[in-house]
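Architecture at a glance
Chain by chain, the residues run as shown.
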Amino acid sequence: MTIPTPDAMPFLSKTRRRSGSRFMLGLASVVLLTACASQQPAQTQPIAAQDRELFAHHYIESMPSTDWNRVEYIRSLETRGQSLEAIELLEPMARTHPEASYELARIYDDGEGVPRDPALAAQYYRRAVPYAFSGLDNASLKLGRLYRTGDGVKRDPALAWNLFQQAVDHDGNPGARIELAEMQLSGEGVPKDIDGARGQLEKAAAQNEPRALQTLAENYAPGGAFGNDPGQARAYAERYAQAMTPRAESGDVGAMLALSRLYAEDGLLPQPTRQRQWLRRAADSGDPQALAAAGHLLVTQRDPASGMEMLRRAAESGNGDAAYWLGQAYLGEGRVEPDPELAEKWLSEAVGRGQRDAARTLGQAYLTGDVLATDPQHGIRLLTRAAQQDDAYALALLGSAYLDGDKVQAQPAQGIDYLERAHELGHPYATARLGEAYLKGEGTPADPVRGVSLLTEAADQNQSGAARTLGIAYLDGKGLQRNPAKARQWLGRAIEQDPDDTTAKTRLGQGMLEGKLSGDARQGVKLLEQAANQGDAYAMVVLGRAYRDGVGVPPDLDHAERWLQRAARAGHPSAQQALARTYRASGEQGNIDDLIRAARMGQVPAMADLGRAYLGGRGVRVDYASARKWLSRAAEEGHPGATASLGRLYADGLGVGVDKARAAGYFERAAAAGHVGAEADLGEVLLRGDGVAADPQRGVRLLTRAANAGHGSAGVTLGEAYLNGTGVAADPARGVGYLERAAQRGDDNAQRLLGQAYLEGNGVAQDPTQAVEWLSRAVDNGNVSAQASLGTAYLEGQGGIAQDVERGERLLAAAAGSGHAGAEAALGRAYLSGDVLPRDPHKGAELLVEAARQGHRSARVSLAQAYLQARGVEFVNQQQAMIWLDGVMESDSETAIRTLQDLLEDPAIADAAGKSS
């Protein structure tokens, strides 16, 4: 007794049964969920010339009664298991009687008492079907099945269709009607015709054909091809149960297993108690194949322990299917914990027993290394063995492996060849992968037209991966012209075909969220959340980034952090970096703890930000050592801004000794990376030769480039250089031009210099109004030097500005109070001389000494001259005078101040100090 395996049982709809692989779907799950326009089924399909004889309908005399008696006797031999004797008697008769050819074909097709040989069976069927004999319908049906599946012959859907049609035309064969309906439902070799398929099935169901009843029930159920009609679905399911129950009651184990599926929790008539009843009866039949099939069903249902025990008993009795299912279960299929050792053991035994799928499954396991230790060479050998038996999925796996080249050495041409063969055998994954190869030009010249055709064909066979590939291609514009409408259509179709296709959900959701595809951003968020909750780590990353950057959703750093932390736990490679960027974004909003967290996670811009925060005391106390540490780490990673900031740190001596040469080195590195600020700093250093050899020409080039890029201080430096002839030939007009542009942009130093130029008539006509305007704007912007210059001008009435002693004193006092040495010196001399302000030697001396301490040259000269004159020394050069002054001040500064104040009480000496500059 031959018990059909689950894969050979009537095909179940997608909502009722799902294979472990997305690409290995049953034919019923190929049914599209959208109906085509009704059309009459084609009576014939084009076939090869050598096959036309199969439809000749040659007339032949009926066998004489003696020969019929012999055939009946031969059939009794078959029933008793004496197939070899039966074959010996049938072969001579087959030369003249198609009935005998049919009987021989059936023996080899079913493998009754002899090894199954579908190729030899096809030869005998072909000898029988050209004749109009009584068994023509069954012979045509069985030969059509071989050509439909490519079993022992080259797959030929058109020939299969015509053979099934011949079986229907001859005697209304219900099995042939079912085959035709399945091909119409899937569009397999013929145009899809939902109504035509339904008509064929209803005619077969009228003859109480169980398989037709089951298929009708499935396709009226939710997700079926005939729409959602629960009443019709239940009615057909109950008729199916009525048809199968007598068979099961009479001991037909296949019927018992069919009923167990019908009553399963996800079956058409869910009744778990009845399911267990029929499974147990099938197992109790004692037939190893029945035990194996029952065990397999239990493993995939709610009792895996009992199922595994049944499979073990059947496998130990020599059943190859049981060994295969055991090995597959131990690979982690169903609800069984993976066990590499047992998986390898039982799959190897199944291979040794010739089980059809075992070599492919074991080869794939060795190739992927998900459960078994990776052994690509062994895997390839097993897949090749399966491919030699025209195992379409093995061919597809080989093609993909040789095309990808990640587990074995890439052989693109070989990969394409394998995929072409698998495609010809009708495997939808091979068709999809081949279409992708033609679309992208992998292993073959790019051919978008054929690529789209193949991918569409695969998608029409419910291959969600093909629909996804087309959607992504239209979305990204890679291989195909970008087409958002088609991208959305195909990605949506992939999700309809496979609700677990998280990649399609993620890309569709991301497209909606970012506005690349039409649709509400909220719908995009919903799709992304579904994908993320199904474990798609990239969907988590997309959601995290969206909430961080406010793309399609309001910015929410807490939401961003939660999603990115989930992505990091899920192991997505970009999650940590995205999370660090989120912490940096929080840091930019003032959360210094998050900025520190981002820097510690290695986020280079965060390191630079943190270094600058420590440098300027933003959110933390000033800490030059920490600033140097983080800026150095960011600079080592190539961050130009951090490198430039390090240069400023050494140029200004912040927490380190001033090192102009080292600063210039950092500026050089940052400028080479395109940092505009570093170009400005380096240009200024080279212009003035500050710590490095002067190179005014290069300095001017760098400063000009930085100024043209909008860097304000570069324009100011250039303006001042041209105005005063510092490092370049003086060109006051050009200098004023640079200063005006920078001043108009609000640069306070440029405003000061421009005001000074108008005050002195340097590069422009002297203009006291403009001088006051620009110096006042600089003062308003906090420029203390401008405050000192404007105060001096008002105090002394310089440059045509009307003298305003009170205003001048107020401005100078404010600048001096801010520690400006120039203001201190100017105000100190004014108090000493008494020309414009009341004489105050004490206050004047105090201000001059403070200015001198800051290195102000004119203050030091004034004090030195006063000191020397008090000692009757005249005509000493200024350098020598200041050396003497330094000796006095450094010996005891407080004593020096009192001494100088005492000296300046003498009007003559005070007058000398007040008038020197």
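Residues numbered from 1 in each chain as written. Predicted model: local features only at pLDDT ≥ 70, side-chain atom pairs only at ≥ 80, totals over all residues. Heavy atoms only, no water.

For the rest of this paragraph, the subject is the environment of tyrosine 758. Note on placement: tyrosine 758 falls in helix α39 (residues 748-760). Tyrosine 758 sits in the buried class, given a relative accessible area of 11%. In sequence terms tyrosine 758 and alanine 771 are 13 residues apart; their C-alpha atoms lie 4.9 Å from each other. Each residue touching tyrosine 758, except ones within four places of it in the same chain, is listed here: Glu740, Val764, Ala765, Gln766, Asp767, Gln770, Ala771 and Trp774. (Helix = DSSP H or I, 4+ residues; strand = E, 2+ residues; numbered from the N terminus. Buried < 20%, exposed > 50% of the residue type's maximum accessible area, 1.4 Å probe, protein only. Contact = heavy atoms within 4.5 Å.)

Across the interface, helix α43 (residues 821-833) lies against helix α44 (residues 841-853) with an axial gap of 7 Å and an inter-helix angle of 155°. Classified by the interaxial angle, the pair formed by α43 and α44 is roughly antiparallel. The crossing of α43 and α44 is left-handed. Contacts between α43 and α44 involve Ala821, Glu824, Ala825, Leu827, Gly828, Arg829, Tyr831 and Leu832 from the former and Pro841, Lys843, Gly844, Ala845, Leu847, Leu848, Glu850 and Ala851 from the latter. (Axes fitted to C-alpha atoms, helices over the stretch in contact; angles between N-to-C directions. Parallel < 35°, antiparallel > 145°, perpendicular 65-115°, else oblique. Left-handed = near helix turned anticlockwise from the far one by under 90°.)

Following the criterion strictly, the structure yields eight aromatic pairs and no others. Summarising the aromatic geometry, the rings of tyrosine 393 and tyrosine 429 are spaced 6.3 Å apart at their centres and angled 75° between planes, so their arrangement reads as edge-to-face. Of this pair, tyrosine 393 sits in helix α19 (residues 392-404) while tyrosine 429 is found in helix α21 (residues 428-440), placing the two residues 36 residues apart along the sequence. Residue classification places tyrosine 393 among the buried positions, given a relative accessible area of 5%. With relative accessibility at 13%, the residue tyrosine 429 sits in the buried group. Taking 6.0 Å as the distance between ring centres and 10° as the angle between the ring planes, the aromatic pair formed by tyrosine 402 and tyrosine 418 counts as stacked. With tyrosine 402 in helix α19 and tyrosine 418 in helix α20 (residues 412-424), this residue pair connects regions lying 16 residues apart in the sequence. These aromatic residues form a ring-pair network of at least three members: Tyr220, Phe226 and Tyr236. Over the aromatic face of tyrosine 583 sits the side chain of arginine 597, whose NZ or CZ is 4.9 Å from the ring centroid. The residue whose ring lies beneath arginine 741 is tyrosine 738, and the NZ or CZ to ring-centre distance is 4.8 Å. (Phe/Tyr/Trp six-rings, centres within 6.5 Å; stacked < 30°, edge-to-face > 60°. Lys NZ or Arg CZ within 6 Å of the ring centre and 35° of its normal.)

Moving on: unusual backbone geometry. For asparagine 208, which is not glycine, the phi torsion reads 60° and is therefore positive. Considering the arrangement of structural elements, one finds asparagine 208 in the loop between α8 (194-206) and α9 (210-220). Backbone geometry at aspartate 390 places phi at a positive 60°, although glycine is not the residue there. Looking at the element boundaries, aspartate 390 is found in the loop between α18 (376-387) and α19.

Our focus in this paragraph is the confidence of the model for the chain. Of all residues in the chain, 89% attain a pLDDT of 70 or more, and the chain-wide mean is 86. Low pLDDT (under 50) marks residues 1-42, which in the prediction has 108 contacts with non-local residues, meaning those over four places away or in another chain. (pLDDT = per-residue confidence, 0-100.)

In this section: helix α24 (residues 484-497). In this model α24 runs 20 Å from its N-terminal to its C-terminal C-alpha over 14 residues, within 8% of the 20 Å that 1.5 Å per residue would give. Looking at α24, one finds that the buried residues are Ala487, Trp490, Leu491, Gly492, Arg493, Ala494, Ile495 and Gln497. Lining the buried residues of α24 we find α22 (448-460), α23 (464-476), α25 (502-513) and α26 (521-533). (Expected span 1.5 Å × (residues − 1).)

The next point concerns the packing of helix α31 (residues 604-616) against helix α32 (residues 624-636). At their nearest, the axes of α31 and α32 sit 7 Å apart, and the two run at 160° to each other. With respect to their mutual orientation, α31 and α32 come out roughly antiparallel. The way α31 lies across α32 gives a crossing that is left-handed. On α32, the residues touching Val604, Met607, Ala608, Leu610, Gly611, Arg612, Tyr614 and Leu615 of α31 are Tyr624, Ser626, Ala627, Trp630, Leu631, Arg633 and Ala634.

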